[in-house]
2 protein chains.
Amino acid sequence: MKCRVCRGPAVIDVPRHNANFCAEHFLRLCRDQTRKAIEAFDMIAPGDRVLVAVSGGKDSLALWQLLHELGHTADGLYIGLGIGAGPKGRPNDEVGYSDVSGEHVRRFAASKGFRLLEIDVREEHGFDIPTAAAATRRVPCSSCGLTKRHLFDRAAIDGGYDVVATGHNLDDEAAVLFGNALQWNTDYLARQAPVLPAGNGFPRKVKPLVRLTERETAAYCVLSGIDYQVEECPLAAGNRHLGYKDLLEQAERRSPGTKHTFYFGFLDRAAERFRSGGEGPGGELGRCAGCGAPTSEETCAFCRLQARVTGVGDVPVRITSTAGVGR
Amino acid sequence: MKCRVCRGPAVIDVPRHNANFCAEHFLRLCRDQTRKAIEAFDMIAPGDRVLVAVSGGKDSLALWQLLHELGHTADGLYIGLGIGAGPKGRPNDEVGYSDVSGEHVRRFAASKGFRLLEIDVREEHGFDIPTAAAATRRVPCSSCGLTKRHLFDRAAIDGGYDVVATGHNLDDEAAVLFGNALQWNTDYLARQAPVLPAGNGFPRKVKPLVRLTERETAAYCVLSGIDYQVEECPLAAGNRHLGYKDLLEQAERRSPGTKHTFYFGFLDRAAERFRSGGEGPGGELGRCAGCGAPTSEETCAFCRLQARVTGVGDVPVRITSTAGVGR
């Protein structure tokens, strides 16, 4: 097995590129694919300040490092979600999932000298994800996603960042697309894109890893010595999204390149067809009475979640510690 | 387990309808679903003469009987494709797949008194599917589908039928849609529908079983005593279409109703979006110099296939025996 680039011994095969690579040229492939995505979709302009949503997993740590390698100014934001070690992710006395994840992020940031912001939802908003899931009686991923989107957006706006970058990879995006296509959820299909432009009080949001699979981001971390949280979130186990990933992975194994064709074929040939005639949010949004975030209702979904879970009204959102050192 | 309709002992559960049924009410469900599909998509008008494409499998025999139960005038056409008994479907001295299939069709037609037409491709066109596959070096399903479409269309036009009905069920249609969506093949997505209208020298083509899964058509046959070819075509084993069916079946098991939502959601909310702006065949077609079939080229794809496989030019297409008795 020889590297496609240098003909030296290869350490990884990438069937969808029908090629093998040595460590050096695999890492270069990852950078090239990330640069290509950023350029193709105008994700980040020269001089943009990027806020990277970091979870401690392979994708977000790889993304953070790749953005630095590509010369971007990228700070990280870690949100402590209070997910515990129990079989259902409940907080308990042991060191929990979120604690371990946070440690990975802090060690990584410190070792690289990247600037890290942190928000702890328990400390700052009085709840955690397991409690929110129990109070809302919905799957935990629902309140978790809502919380993260809200706090990342807010932190980016407050911190003067031009863009929020998330570590969604090709597997993530293809699985979301698969779920939306299975139900022909035309509103979601209309909005699915690797870039959401800024507007209406929201920052621009970008997914620079859409040209890399999760196997590739994992290999990027391993080969560049990034120590990441390898456990899947205990609250996500068995969810629909992972089911869709599993089905697409089976299709990929039968026919390498399936995920790429599915996702980029959608962007090339179908996405536009769902945008025309869709309803979309439309019009100017108002501002949340509690926190000032853009919303179409009087109070934003995050403040309503918080009020429901804690039983008390809104408390101000603020960003506290900035662990890690400036770059 | 009780029948949803009569509370008597049930013989089958149908998770996607969240219900169980006794034999009588399951058979009624199948008729109702078939009638509903025919009416919803204007498949068959009163007095239409229907030509049913019968293969000897569960779907086509169920369809033929259901159309009679619903009061339609429906004759069958069986095409002997010359698929043998060997591991790769090659003809050999044993009784082959096509021979067994034909026997099922003939016995069924005779027992019901349905009128059956037959075409044997070896006798009438000098080739069979295994030979065609070898000569074209493509998957056998490719020349098989081409041959069947051509001969069914031709027989319907020549025989004065208003419509060709095929036994494609919900699994078939959902799997085809899945394959087209995975590649965002917009031309195929634009044309995928349970009814193709007549025009340009082609007969109307309809799929009245789109509201029944293959598990349901199999149960319909078992419960109404139809003896069908239970073997899958040996040439189809491992093909892409079966792979897509398998993936959708996994999704269905996790979430009953997935296939129905996927297929009918497409028809309701997405299909139209692929029709506008598509290229389509467009314009009047010419007539094949060999057989007179509609084609955009000088000779139709079937005559070209035949010439390539047999090494000789076109031979006239004709319908020979009409086994079975008139109704």
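Just so it is clear, the model here is predicted, and its values are computed rather than measured.

**Here we look at the relation of the copies chain A and chain B**
Each copy of the sequence occupies a distinct position, and chain A is placed on chain B by a rotation of 180 degrees and an axial shift of 0.0 Å, giving an RMSD of 0.0 Å. Read as a symmetry element, the transformation amounts to a two-fold axis. A high fraction, 100%, of the interface residues of chain A reappear at the interface in chain B, so the copies pair face to face through one surface.

**Details of the interface of chain A and chain B**
Quoted interface sizes are often the accessible area lost when the parts come together. Taken together, the contact between chain A and chain B spans 19 residues of the former and 19 residues of the latter. Listing elements by their share of the side of chain A that touches chain B, those giving two or more residues are α7 (170–182), α10 (240–254) and α11 (258–275) of chain A. Of the residues that constitute the side of chain A that touches chain B, the class distribution is nine nonpolar, seven polar and three charged.

**What to know about the confidence of the model for chain A**
All names here are of chain A. For chain A, mean pLDDT is 90; residues scoring 70 or higher make up 90% of the total. Counting contacts from residues 314–327, a segment whose pLDDT is below 50, to residues more than four positions away or on other chains yields 36 contacts. Confidence estimates for the predicted assembly give a pTM of 0.88 and an ipTM of 0.85.

**Considering α11(A)**
Its 18 residues place the ends of α11(A) 24 Å apart at the C-alpha level, agreeing with the 26 Å of an ideal helix rising 1.5 Å per residue. In α11(A), a bend of some 55 degrees at A:L267 exceeds every other bend along the element. A:K259, A:F262, A:Y263, A:F266, A:A270, A:R273 and A:F274 are the residues of α11(A) that are buried. Buried residues belonging to α11(A) abut α7, α8 (186–191) and α10 of chain A together with α7 (170–182), α8 (186–191) and α12 (271–275) of chain B.

**Observations regarding the nonpolar core**
A:V52, A:A165, B:V52 and B:A165 are the most contacted members of the largest nonpolar core, which has 169 residues in total. Domain assignment of the residues forming this core places at least three in each of domain 1 (40–280) and domain 2 (282–315) of chain B. Beyond its immediate stretch of four places on either side in the chain, A:A165 contacts A:V50, A:V52, A:A53, A:L63, A:L67, A:A74, A:V206 and A:P208.

**Section: the sheet that holds strand β8 (residues 204–206) of chain A**
Residue and element names in this part refer to chain A. Within the open sheet, the six strands sit side by side as β5-β4-β3-β6-β8-β7. Their pairing is mixed. Edge positions in the sheet fall to β5 (116–120) and β7 (195–196), since each has one partner strand and no second. Relative to β8, β7 runs antiparallel, the two sharing two bridges. Looking at β8, one finds that L196 is bridged to K205. Strand contacts of helix α2 (residues 58–69): β3 (49–54), β4 (73–80) and β6 (163–165), with the helix running at about 160 degrees to β3, the strand carrying the most contacts. Where helix α6 (residues 140–159) meets the sheet, it contacts β3, β4, β5 and β6, and its direction lies at approximately 155 degrees from that of β3.

**Let's talk about unusual backbone geometry**
Here A:R7, not a glycine, exhibits a phi torsion of approximately 65 degrees, which is positive. Residue placement: A:R7 occurs in the segment before β1 (12–14). Of note, B:N18 is a non-glycine position whose phi angle comes to about 50 degrees, a positive value.

**Quick word on the pairing of strand β4 (residues 73–80) of chain B**
Residues and elements named next belong to chain B. Taken across its eight residues, β4 has seven buried, putting it largely inside the fold. Sheet analysis places strand β3 (residues 49–54) next to β4, joined by six bridges and oriented parallel. Among the inter-strand pairings, V52 is bridged to a residue of β4, identified as G76. As a crossover connection, the stretch from β3 through helix α2 (residues 58–69) into β4 is right-handed. Relative to strand β5 (residues 116–120), β4 runs parallel, the two being bridged by five bridges. Bridging across to β5, L77 finds its partner in L117.

Here is what the cut-offs are and how they apply
Residues numbered from 1 in each chain as written. Chains lettered and ligands numbered in written order. Predicted model: local features only at pLDDT ≥ 70, side-chain atom pairs only at ≥ 80, totals over all residues. Least-squares fit on C-alpha atoms with pLDDT ≥ 70 in both. Contact = placed C-beta atoms within 7 Å. Helix = DSSP H or I, 4+ residues; strand = E, 2+ residues; numbered from the N terminus. Nonpolar A, V, L, I, M, F, W, Y, C, P; charged D, E, K, R; others polar. pLDDT = per-residue confidence, 0-100. Expected span 1.5 Å × (residues − 1). Bend = angle between axes of the 7 residues up to and from the residue. Buried ≥ 20, exposed ≤ 12 C-beta atoms within 10 Å, placed from the backbone. Core = buried A, V, L, I, M, F, W, Y, C linked by C-beta atoms within 7 Å. Domains from an automatic or database assignment. Pairing = 2+ DSSP bridges. Axes fitted to C-alpha atoms, helices over the stretch in contact; angles between N-to-C directions. Right-handed = clockwise from strand over helix to strand, strands pointing away.

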